[in-house]
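What follows is each chain in one-letter form.
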Amino acid sequence: MQRFNFPVVPPDPALEELRSGLQAFLKEEREAGNFRPEPECWMASADPEFSRKMGKRGWIGLTWSSQYGGRDKSALERYIVTEETLRAGAPVAAHWIADRQHAPMLLDYGTEEQKHDILPRIAAGECYFAIGLSEPGAGSDLANVKTKAEKVADGWKINGQKIWSSGAHICHYMVALLRTSPADGRNRHVGLSQILIDLSLPGVTIKPIVDLSGDAHFNEVYFEDVIVPDDCLLGEEGGGWKQVTGELAMERSGPERFLSTYITLETALYQLQGKMGSASHARLGKLIASLRTLRGMSWSIANLLHRGVSPEAEAALVKDLGNRLENDLTQEVRALLNDLPADEWSEDMHRILNIGILRSPPNTLRGGTTEVLRGITARQLGLR
Amino acid sequence: MINTEGMIAQTAAKIYGDLCGREVPHEAEAGKYPQDLWDALSENGLPLAWVSENNGGFGADYDEVFGAIWASAQAASPVPFAETLIANWLLDQADLSPAEGSASFAILGGPNGGLPTADIPFGAHVDQIVMFDEALGEIALFDNLEAARIDMDALSPDGATRFVFSGHRAVSSAKTGLSQRGVEALILTVRAVQMAAAMEAALNLSIAYVSEREQFGRPLSKFQAIQQQLAVAASECAAATMAAAQAASSIAQHRDDPEKAWHEAVVAKVQIGHSVEAVTVPFHQVHGAMGYTQEYDLHHYTRRLWAWRDALGNEHRWSALLGEELSKGSPDHVWKGVTTGNWVDS
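Residues numbered from 1 in each chain as written. Chains lettered and ligands numbered in written order. Predicted model: local features only at pLDDT ≥ 70, side-chain atom pairs only at ≥ 80, totals over all residues.

## Re the overall build of chain A
Now for step 1: Each helix and strand counted, chain A has 12 helices and 8 strands in total.
Now for step 2: A globule of 384 residues ought to have a C-alpha radius of gyration of about 21 Å, and chain A, at 21 Å, matches this closely.
Now for step 3: Counting only residues that meet the buried cut, chain A has 51% of its 384 residues in that class.
Now for step 4: In chain A, the share of contacts with a sequence separation of at least 24, taken over all contacts with a separation of at least 6, comes to 77%. (Helix = DSSP H or I, 4+ residues; strand = E, 2+ residues; numbered from the N terminus. Rg over C-alpha atoms; globule rule 2.2 N^0.38 Å. Buried ≥ 20, exposed ≤ 12 C-beta atoms within 10 Å, placed from the backbone. Contact = placed C-beta atoms within 7 Å.)

## Re the overall build of chain B
Now for step 1: Along the backbone of chain B there are 11 helices and 9 strands.
Now for step 2: With the C-alpha coordinates aligned to their principal axes, the bounding extent of chain B is approximately 65 × 55 × 45 Å.
Now for step 3: The buried share of chain B, reckoned over its 346 residues, is 56%.
Now for step 4: Pairs at least 24 residues apart make up 71% of the contacts formed inside chain B by residues separated by at least 6 positions.

## Topic: the sheet that holds strand 6 (residues 160–164) of chain B
All names here are of chain B.
Now for step 1: Reading across the sheet, the 3 strands line up as 2-6-5 and stay open at both edges, with antiparallel pairing between neighbours. Looking at strand neighbours, the two that pair on one side only are strand 2 (117–121) and strand 5 (149–151), the edges of this open sheet. Put simply, the sheet's adjacent strands are angled 30 degrees from each other on average, direction ignored.
Now for step 2: Alignment of strand 5 against strand 6, held across 3 bridges, turns out to be antiparallel. Bridged to aspartate 151 within strand 6 is threonine 161. (Pairing = 2+ DSSP bridges. Axes fitted to C-alpha atoms, helices over the stretch in contact; angles between N-to-C directions.)

## Remarks on the interface of chain B and chain A
Now for step 1: Taken together, the contact pairs 43 residues of chain B with 45 residues of chain A.
Now for step 2: Looking at the side of chain B that touches chain A, the elements that each hand over two or more residues are helix 6 (180–212), helix 7 (224–253), helix 8 (262–287), helix 10 (315–328) and helix 11 (331–340) of chain B.
Now for step 3: Broken down by element, the side of chain B that touches chain A gets its largest block of residues, 15 residues, from helix 7 of chain B.
Now for step 4: Of the residues in the side of chain B that touches chain A, the class split is 24 nonpolar, 17 polar and 2 charged. (Nonpolar A, V, L, I, M, F, W, Y, C, P; charged D, E, K, R; others polar.)

## Topic: helix 11 (residues 347–358) of chain A
All names here are of chain A.
Now for step 1: The terminal C-alpha atoms of helix 11, which comprises 12 residues, lie 17 Å apart, in line with the 16 Å expected from a rise of 1.5 Å per residue.
Now for step 2: When helix 11 is considered as a whole, its buried residues turn out to be Met349, Ile352, Leu353, Ile355 and Gly356. Taken around the axis of helix 11, the buried residues stretch over an arc of 165 degrees, which confines them to a single face.
Now for step 3: Check the buried side of helix 11 and you find it contacts helix 8 (262–272) and helix 10 (312–336). (Expected span 1.5 Å × (residues − 1). Arc of directions from axis to C-beta.)

## Considering the nonpolar core
Now for step 1: Core analysis: the largest hydrophobic core is formed by 232 residues, its most contacted members being Met174(A), Ile195(A), Ile197(A), Val130(B), Val193(B) and Ala244(B).
Now for step 2: No other element matches helix 6 of chain B, which puts 20 residues into this core.
Now for step 3: When near neighbours in sequence (up to four residues on either side) are disregarded, Ile195(A) contacts Ala149(A), Trp156(A), Ala176(A), Leu178(A), Val228(A), Cys232(A), Leu233(A) and Leu234(A). (Core = buried A, V, L, I, M, F, W, Y, C linked by C-beta atoms within 7 Å.)

## Re the environment of Asp256(B)
Now for step 1: Looking at where Asp256(B) falls in the secondary structure, it is placed in the loop between helix 7 and helix 8.
Now for step 2: Judged by the 6 C-beta atoms lying within 10 Å of it, Asp256(B) falls in the exposed class.

## Focus on the sheet that holds strand 7 (residues 172–175) of chain B
Residue and element names in this part refer to chain B.
Now for step 1: A sheet is described by the order of its strands in space; here 4 strands give the open sequence 1-3-4-7, paired in mixed fashion. Here the strands that pair on one side only, and so sit at the sheet edges, are strand 1 (103–108) and strand 7. Averaged over all neighbouring strand pairs, the angle between strand axes comes to 15 degrees, with direction disregarded.
Now for step 2: Strand direction decides the pairing type here: strand 4 (residues 138–143) and strand 7, joined by 4 bridges, are antiparallel. By the bridge assignment, isoleucine 139 is partnered in strand 7 with alanine 174.

## Some points on the pairing of strand 2 (residues 148–152) of chain A
All names here are of chain A.
Now for step 1: Both strand 2 and strand 3 (residues 155–163) contribute to a ladder of 5 bridges, which runs antiparallel. Each bridged residue has a counterpart across the sheet, and for alanine 149 the counterpart in strand 3 is isoleucine 158.
Now for step 2: If you look at the hairpin formed by strand 2 and strand 3, you'll find 2 residues sitting between the two strands.

## What about the environment of Gly69(A)?
Residues and elements named next belong to chain A.
Now for step 1: Residue placement: glycine 69 occurs in the loop between helix 3 (48–56) and helix 4 (75–88).
Now for step 2: On the basis of neighbour count, glycine 69 is assigned to the buried category, with 20 C-beta atoms found within 10 Å.
Now for step 3: Distance in space between the C-alpha atoms of glycine 69 and isoleucine 122 is 8.4 Å, their sequence separation being 53 residues.

## A word on unusual backbone geometry
Residue and element names in this part refer to chain B.
Now for step 1: The backbone phi angle of alanine 76 is positive, close to 50 degrees, even though this residue is not glycine.
Now for step 2: Mapped onto the fold, alanine 76 is located in the loop between helix 4 (62–74) and helix 5 (81–93).
Now for step 3: For alanine 76, a count of 24 C-beta atoms within 10 Å puts it in the buried group.
Now for step 4: Of note in this structure, phenylalanine 122 is not a glycine but carries a positive phi near 60 degrees.
Now for step 5: Among the structural elements, phenylalanine 122 can be located in the loop between strand 2 and strand 3 (128–133).
Now for step 6: By C-beta crowding, phenylalanine 122 is classed as buried, having 26 other C-beta atoms within 10 Å.

## So, the packing of helix 9 (residues 278–306) of chain A against helix 10 of chain B
Now for step 1: In contact at an axis separation of 6 Å, helix 9 of chain A and helix 10 of chain B are set at 90 degrees when each is read in the N-to-C sense. Taken together, the axes of helix 9 of chain A and helix 10 of chain B are roughly perpendicular relative to one another. Contact residues: helix 9 of chain A offers Ser278(A), Ser280(A), His281(A), Ala282(A), Arg283(A), Leu284(A), Gly285(A), Lys286(A), Ile288(A) and Ala289(A), while helix 10 of chain B offers His316(B), Trp318(B), Ser319(B), Ala320(B), Leu321(B), Leu322(B), Gly323(B), Glu324(B), Leu326(B) and Ser327(B).
Now for step 2: Per-class residue counts for the contact of helix 9 of chain A with helix 10 of chain B are 9 nonpolar, 8 polar and 3 charged. (Parallel < 35°, antiparallel > 145°, perpendicular 65-115°, else oblique.)

## Examining helix 12 (residues 370–380) of chain A
Residues that lie three or four places apart on an α-helix share one face, since the helix turns once every 3.6 residues.
Now for step 1: Burial in helix 12 of chain A covers these residues: Leu373(A), Arg374(A), Gly375(A), Ile376(A), Thr377(A) and Ala378(A).
Now for step 2: Packing partners of the buried residues in helix 12 of chain A comprise helix 10 of chain A together with helix 7 of chain B.
Now for step 3: Backbone geometry just downstream of helix 12 of chain A places Gly382(A) in the positive-phi region, at approximately 85 degrees.

## Considerations on the packing of helix 4 of chain A against helix 9 of chain A
Residue and element names in this part refer to chain A.
Now for step 1: Relative orientation of the contacting elements helix 4 and helix 9 amounts to 150 degrees, with a least axis distance of 9 Å. For the element pair helix 4 / helix 9, the angle class is roughly antiparallel. Contacts between helix 4 and helix 9 involve Ala75, Leu76 and Tyr79 on the former and, on the latter, Ala302, Asn303, Leu305 and His306.
Now for step 2: Considered class by class, the residues forming the contact of helix 4 with helix 9 number 5 nonpolar, 2 polar and no charged.

## A closer look at the environment of Ser97(B)
All names here are of chain B.
Now for step 1: Locating serine 97 in the fold gives a position in the loop between helix 5 and strand 1.
Now for step 2: According to the C-beta neighbour criterion, serine 97 is partly exposed, with 16 such atoms within 10 Å.
Now for step 3: Sequence separation between serine 97 and serine 172 is 75 residues, and the spatial gap between their C-alpha atoms is 8.7 Å.
Now for step 4: Filtering out sequence-adjacent residues up to four positions away, serine 97 remains in contact with Asn55, Gly56 and Leu91.

## Description of the confidence of the model for chain B
Do not read the fine detail of predicted coordinates wherever pLDDT is low.
Now for step 1: When the pLDDT values of chain B are averaged, the result is 94; 98% of them are 70 or greater.
Now for step 2: The ipTM for the predicted assembly is 0.96, set against a pTM of 0.96. (pLDDT = per-residue confidence, 0-100.)

Shown next, in the form of structure tokens:
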């Protein structure tokens, strides 16, 4: 018996064909100066114009039906596209979250009208979503959300505040976890619901939060008597907790959990060809072995999800290992670069390495902190 | 995951379950060799699983046999089952008949000044020894001669014996098209599967121990510090199993050209070798003093892990070999390997 379920899934030649067109596009865009590669590009490099180009070429909306503007492909094709864009450090943050989790959510819970209205715009790279989970008093302890949605005659009235909402300043919608009825004694998981909020509605205020690198890609979002129609309740009233934890499990094992700094390594490899000493060879070999192993685990989960299995514990475990790896990668590259005098580093190398360092703290926080993830693994082991 | 559902894997698991209970590895170390266990494996033909039908084996799927190796390592096998499988695989690659009885293997780099020597796992216990000599492109089978042996200090109960080949006559020998990398691919993959299995067995012992042992009025498992340590160790175990399974899948896919499985085998060697400390340290830590007594079972796994990570050289050596090769190729090639496991074709 093996404790964790990670079947080996060999590459599929049909899926591999997708890569070449995308690689050529990314190379062309980069060489034309249309983007400068960055680590953590899926969270912090948003460029609506670039997203529209990707939409036009059919690289967003792969997972849903053409009836709603999608491409009639699967999450496995999307996996290939996401890993190639991460490798390139391309500015994909604007559309990433909507494409990854909100489109599937609307497919499950949205009305026909919402699907026809919103999904084609997501696929076109024109419509963006923010995640509405964290609040000032609800971080790791997500069940502590206080923002309320009250039933009113023609819908729901929302009051409260969300925080750390990445990209909310350019997003069109947020899906928020809100309290729609009181907790049942100590059981705080009841009475929570997911609600779709149009961020252009009156009563919504978005204030930027500047991070330590000077970027302002996350926000505080305030709701003051914001009224949304009835059909904005997604899924079951009171079923929000279950929906959210399922969603988190889906998003924890993707390539963005271990490849978001790969651009740093690749940039260094171009500069270090033929210049590495034996200590660097050993560091590189170890790093590549870890990357290959994590890719195997992450791809394994992608295939399980594709088959309708939801491996929550495995996903948490991959995120923990992957977040450690992507931060280690940046540190290992610093060590590798000792083989090259700093005045021979390219301008890109300096820039990418610095961005990677400045953007490293959130890796082990967002989408479930290391401590929370290890708690999930410990539960799977039967320790709690 | 390693596939443990196949018939061969199930047969091996049953034999180990019946004849290799927790006392057996202890008794073996005290000098009571479990001959009945070896006999049962032999009678069922398991050491011949990889031998082709022409040479008297059953040419089994690689997958099935890795499942049997998994079972043997989870039982802390005190008999040279994996070693005999490797030895017979080598003989079959030169179209030679399988060994008589148990066997182990050696890779010889060719005479290096003095007499050729090789370090051989289970060297004191096996009936025969298969030697791969890359310089000659030859595989040869020798009887295990006491006079040729020097016992070495060993970390593991498998023992380590240095052989000095000094004009010994081979029982049989033949040319082979097999490369050094092909041989390394198989040996490293077998060790990777054993190590992943031993790690998981030691994890299971640790979970059981912390769930029973009470301090400060409650089981150790209820302390968050213990939970988080074992969660980290468990993720390393899961990664080790994935690395081993990828290597196993690669050599199964390239059974006619095992050299093509070399990179995935080296990835497993490096990944798992580097994670040995990350698991053995917390496993011993949560066991307290009990974990390092001879009486308790944990050392059957941890000592084997400490020994197996040195097979064909330690993880640092192999990291450098892999890194050196990849540093010479293009970054595109590295990316292709990481994402598809295809490190060979351009």
